[in-house]
Amino acid sequence: MAKEKKDKKVGNGTLVLKRLIKNQNAVIGLVILVIIILMAVFADVIAPYGYAEVNLPDRLQTPSAAHLFGTDEMGRDLFSRIIYGARDTLKLSLGTVIFGTGVGIILGSIAGYFGGWVDNLIMRILDIISAIPGILMAICISAVLGSGLIPTIFALGVGGIPGAARIIRAQMISVREQEFVEAATSINAGKIRIIAKHVFPNSMSPLIVSASMSLANAIIAASSLSFIGLGVQPPNPEWGALLSAGRSQIRDYPHLVMIPGIVIMLTVLAFNMLGDGLRDALDPKLKK
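Here's a quick rundown of the structure.

## Overview of the side chain of Arg 81
Tracing the chain through its elements places Arg 81 in helix α4 (residues 78-114). On the basis of relative accessibility, which here comes to 5%, the residue Arg 81 falls in the buried class. A distance of 2.6 Å separates a polar side-chain atom of Arg 81 from the backbone oxygen of Tyr 51. Contact partners of Arg 81, with chain neighbours within four places excluded, come to Tyr 51, Asp 72, Arg 76, Pro 235, Pro 237 and Leu 242.

## A word on the packing of aromatic side chains
One pass over the full model with this rule turns up three aromatic pairs. Centre to centre, the rings of Tyr 51 and Tyr 84 are 5.2 Å apart; their planes meet at 55°, and the pair counts as tilted. Taken as a pair, Tyr 51 in the loop between α3 (43-46) and α4 and Tyr 84 in helix α4 lie far apart in primary sequence, 33 residues in all. A relative accessible area of 12% means that Tyr 84 is categorised as buried. With a centroid separation of 5.1 Å and 85° between ring planes, the pair formed by Phe 69 and Phe 79 is classed as edge-to-face. Placement of Phe 69 in the loop between α3 and α4 and of Phe 79 in helix α4 is noted, with a sequence separation of ten residues between them. According to the relative accessible area criterion, Phe 69 is partly exposed, its value standing at 24%. Look at Phe 79 and you get buried, because its relative accessible area is 18%. When the ring centre of Phe 227 is taken as reference, the NZ or CZ atom of Arg 247 above it lies at 4.9 Å.

## Structural notes on helix α8 (residues 161-175)
Between its terminal C-alpha atoms α8 stretches 21 Å, which fits the 21 Å expected from 15 residues at 1.5 Å a residue. When we look at burial in α8, the residues that qualify are Ile 161, Pro 162, Ala 164, Ala 165, Ile 168, Met 172 and Val 175. Considered in projection along α8, the buried side chains sweep an arc of 160° and stay on one side of the axis.

## Quick look at unusual backbone geometry
Unlike most non-glycine residues, Leu 60 shows phi in positive territory, near 55°. Of note, Leu 60 is situated in the loop between α3 and α4. Residue Leu 60 is classed as buried on the basis of its relative accessible area, which comes to 11%.

## Looking at the environment of Asn 55
Within the secondary structure layout, Asn 55 lies in the loop between α3 and α4. Residue Asn 55 is classed as partly exposed on the basis of its relative accessible area of 30%. Along the backbone, Asn 55 and Arg 76 are 21 residues apart, and their C-alpha atoms lie at a distance of 6.2 Å. In contact with Asn 55, other than residues within four places in its own chain, are Met 74 and Gly 75.

## So, the pattern of salt bridges
By the definition in use, this model includes six salt bridges. Ionic pairing is found between Asp 72 and Arg 81, a salt bridge with its closest N-O pair at 3.8 Å. Taken individually, Asp 72 and Arg 81 each receive the classification buried, so the pair is uniform in this respect. Within this structure, Asp 72, Arg 76 and Arg 81 form a network of salt bridges that share partners.

## Observations regarding the environment of Gly 275
Of note, Gly 275 is situated in helix α13 (residues 255-282). Its relative accessible area of 0% is what places Gly 275 among the buried residues. For Gly 275 and Gly 29, which are 246 residues apart along the polypeptide, the C-alpha to C-alpha distance reads 8.9 Å. With near-sequence residues (within four places) excluded, Gly 275 lies in contact with Val 209, Ser 212 and Met 213.

## Digging into the packing of helix α2 (residues 24-41) against α4
It is at 7 Å that the axes of α2 and α4 come closest, and there the two elements cross at 105°. Between α2 and α4, the angle is such that the two are roughly perpendicular. Here Ile 36, Ile 37, Met 39, Ala 40 and Val 41 of α2 come into contact with α4, specifically with Ile 83, Ala 86, Arg 87 and Leu 90. When grouped by side-chain class, the residues that make up the contact of α2 with α4 number eight nonpolar, no polar and one charged.

Conventions we followed
Residues numbered from 1 in each chain as written. Predicted model: local features only at pLDDT ≥ 70, side-chain atom pairs only at ≥ 80, totals over all residues. Heavy atoms only, no water. Helix = DSSP H or I, 4+ residues; strand = E, 2+ residues; numbered from the N terminus. Buried < 20%, exposed > 50% of the residue type's maximum accessible area, 1.4 Å probe, protein only. Polar contact = N/O pair within 3.5 Å; in protein donor to acceptor, adjacent residues only side chain to side chain. Contact = heavy atoms within 4.5 Å. Phe/Tyr/Trp six-rings, centres within 6.5 Å; stacked < 30°, edge-to-face > 60°. Lys NZ or Arg CZ within 6 Å of the ring centre and 35° of its normal. Expected span 1.5 Å × (residues − 1). Arc of directions from axis to C-beta. Salt bridge = Lys/Arg side-chain N within 4 Å of Asp/Glu carboxyl O. Axes fitted to C-alpha atoms, helices over the stretch in contact; angles between N-to-C directions. Parallel < 35°, antiparallel > 145°, perpendicular 65-115°, else oblique. Nonpolar A, V, L, I, M, F, W, Y, C, P; charged D, E, K, R; others polar.

And the structure:
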């Protein structure tokens, strides 16, 4: 029986992977993301200059062979800063989604499985959080906690908790009535074990899709906070901070804003394309 279950999981995973590969948009998005991730991991090798390397004689250079993306007002190479900035941007987005989704999973699992007053209490608290615009909440939290990587992750992650909790709660309510949950209950399995081993694994598909798309929103939100000076602070070259630094020169040197903006746009587009592909691949209605 255990072997059959394992083979079934492998088969389902292979089927999802085949569907994902057949989706051209998802593959394009995945390729872009792989390039960006490799760029961030191997920034020390790829970047021709240090991200904080100042060279005043070369300040405000337009793109050239020596500086592919030009230089900023302090002569720092923009191409190198974009590459290093991928680290901070990806850390912020991944940290935000992991925190928001993780807390949402815990709260949604408890609410969906136990129901009753526990469900009402948790969902009403999440309704209050949802009533506050996400970026406004992030600004308020960042203003209190200060700037930096961890405070920004917390500030942005709080806004993602209600969405993840609602998704997992809805799945929990559906799955908890299935026969395998009743069977586990009949042999006196603990509630935590039932949630962790039976209910939660069968509720993951929509959460995976939601998390992949939330990464795109997290990048935009993180860049927005850095743009207004509440996120990652200079000299760290987070992409939103690069946009903020270049806005004073936008009329004479538009590349200082256009290039970071295009990089952010491509990354967000890649996450959305991959998320759409995952949604189609995991859609149970498409299974034969």
